[in-house]
Amino acid sequence: MSVTVFSQLDKSLHEHLDALVRLASDGDDGTAAALARSELPRVVAAVKALLDEHAPDEHGRCPTCRTRRFSRRLPAPCRAYLGAQLAMTVAAEAPGRHHRHVRSAV
Ligand SMILES: [Zn+2]
């Protein structure tokens, strides 16, 4: 029963994130601005929570993943941390029509 609930939660989360991406890229400027104000802080909070949980310690190891069995030989930092870092870096560097410089409002 709990497996079904969790998979449903996971599905809902992914659908929510997909909808955010769709609205951000296809919506008009007003929709995109409203979306950024209401949803971006939540997405940032989620990424921060994940990064905090998987932040490498002074030896470069993830304290969360390290506690799991067979994880001692995993490369460090852990894949969750690297994956999030990579996704953010690639997204920030990728050229695209949505990567415009913010015009000065002055
Ligand atoms: Zn980790």
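Located above this text is the structure these notes cover.
Here the structure is a predicted model, which is why all the values come from computation and not from measurement. (Residues numbered from 1 in each chain as written. Predicted model: local features only at pLDDT ≥ 70, side-chain atom pairs only at ≥ 80, totals over all residues. Heavy atoms only, no water.)

Enquirer: Would you mind going over the overall build of the chain in detail, with residue names and values included?
Expert: Across its full length, the chain holds four helices and zero strands. Across the chain, helices and strands are ordered from the amino to the carboxyl terminus as α-α-α-α. Residue burial in the chain is summarised as follows: out of 106 residues, 10% are buried. In the chain, 32% of the contacts between residues at least 6 apart in sequence involve partners at least 24 apart. Summed over its atoms, the accessible surface of the chain is roughly 9200 Å², and 60% of this surface lies on carbon and sulfur atoms. (Helix = DSSP H or I, 4+ residues; strand = E, 2+ residues; numbered from the N terminus. Buried < 20%, exposed > 50% of the residue type's maximum accessible area, 1.4 Å probe, protein only. Contact = heavy atoms within 4.5 Å. Areas by Shrake-Rupley, 256 points an atom, 1.4 Å probe, with all protein chains shown as cover.)

Enquirer: Describe the pattern of salt bridges, with residues and values.
Expert: Pairing between side chains of opposite charge can happen when the charged atoms of each approach one another. For the structure on display, the rule yields two salt bridges. Put simply, Lys 11 and Glu 15 hold a salt bridge, and the shortest N to O gap is 3.2 Å. Of this pair, Lys 11 and Glu 15 both sit in helix H1 (residues 2-26), four residues apart, roughly one helical turn. Here Arg 42 makes a salt bridge to Glu 39, at a shortest N to O gap of 4.0 Å. Here Glu 39 and Arg 42 lie together in helix H2 (residues 29-53), a separation of three residues that amounts to about one turn. Look at Glu 39 and you get buried, because its relative accessible area is 13%. (Salt bridge = Lys/Arg side-chain N within 4 Å of Asp/Glu carboxyl O.)

Enquirer: Could you give me a rundown of the coordination of the zinc ion, with the residues and numbers involved?
Expert: The expected angle between donors at a tetrahedral four-coordinate metal is 109.5 degrees. At an octahedral six-coordinate metal it is 90 or 180 degrees. Taken together, the protein ligands of the zinc ion are His 54 (ND1), Cys 62 (SG), Cys 65 (SG) and Cys 78 (SG), with distances of 2.0 to 2.3 Å. Around the zinc ion, the four donor atoms sit at angles spanning 105 to 115°, and that spread fits a shape best called tetrahedral. (Donors = N, O, S within 2.8 Å, 3.2 Å for Na, K, Ca; no water. Tetrahedral: all angles 85-135°; square planar, octahedral: opposite > 155°, others 65-115°.)

Enquirer: Which residues make up H2, and what values do they have?
Expert: The terminal C-alpha atoms of H2, which comprises 25 residues, lie 34 Å apart, in line with the 36 Å expected from a rise of 1.5 Å per residue. Of all bends in H2, the biggest is about 45°, found at Glu 39, and the proline Pro 41 comes one to four residues later. (Expected span 1.5 Å × (residues − 1). Bend = angle between axes of the 7 residues up to and from the residue.)

Enquirer: Lay out a nonpolar patch on the surface with the relevant residues and their values.
Expert: Judged by side-chain polarity, Leu 13, Leu 17, Leu 40, Val 43 and Val 44 come together as a nonpolar surface patch covering roughly 380 Å² of accessible area. The leading source of residues in the nonpolar patch is H2, at three residues. The topology assignment puts Leu 17 in helix H1. A relative accessible area of 35% places Leu 17 in the partly exposed class. (Patch = residues over 30% accessible without salt bridge, like charges linked within 9 Å, V, L, I, M, F, W, Y side chains within 5 Å.)

Enquirer: How would you summarise the side chain of Thr 64 if you had to cite specific residues and measurements?
Expert: Secondary-structure assignment places Thr 64 in helix H3 (residues 63-66). A distance of 2.4 Å separates a polar side-chain atom of Thr 64 from the backbone oxygen of Glu 53. Thr 64 has contacts with Glu 53 and His 54, leaving out every residue within four places of it along the chain. (Polar contact = N/O pair within 3.5 Å; in protein donor to acceptor, adjacent residues only side chain to side chain.)

Enquirer: Could you give me a rundown of the environment of Ala 24, with the residues and numbers involved?
Expert: Positionally, Ala 24 belongs in helix H1. Between the C-alpha atom of Ala 24 and that of Ala 36, which follows or precedes it by twelve residues, the distance is 8.1 Å.

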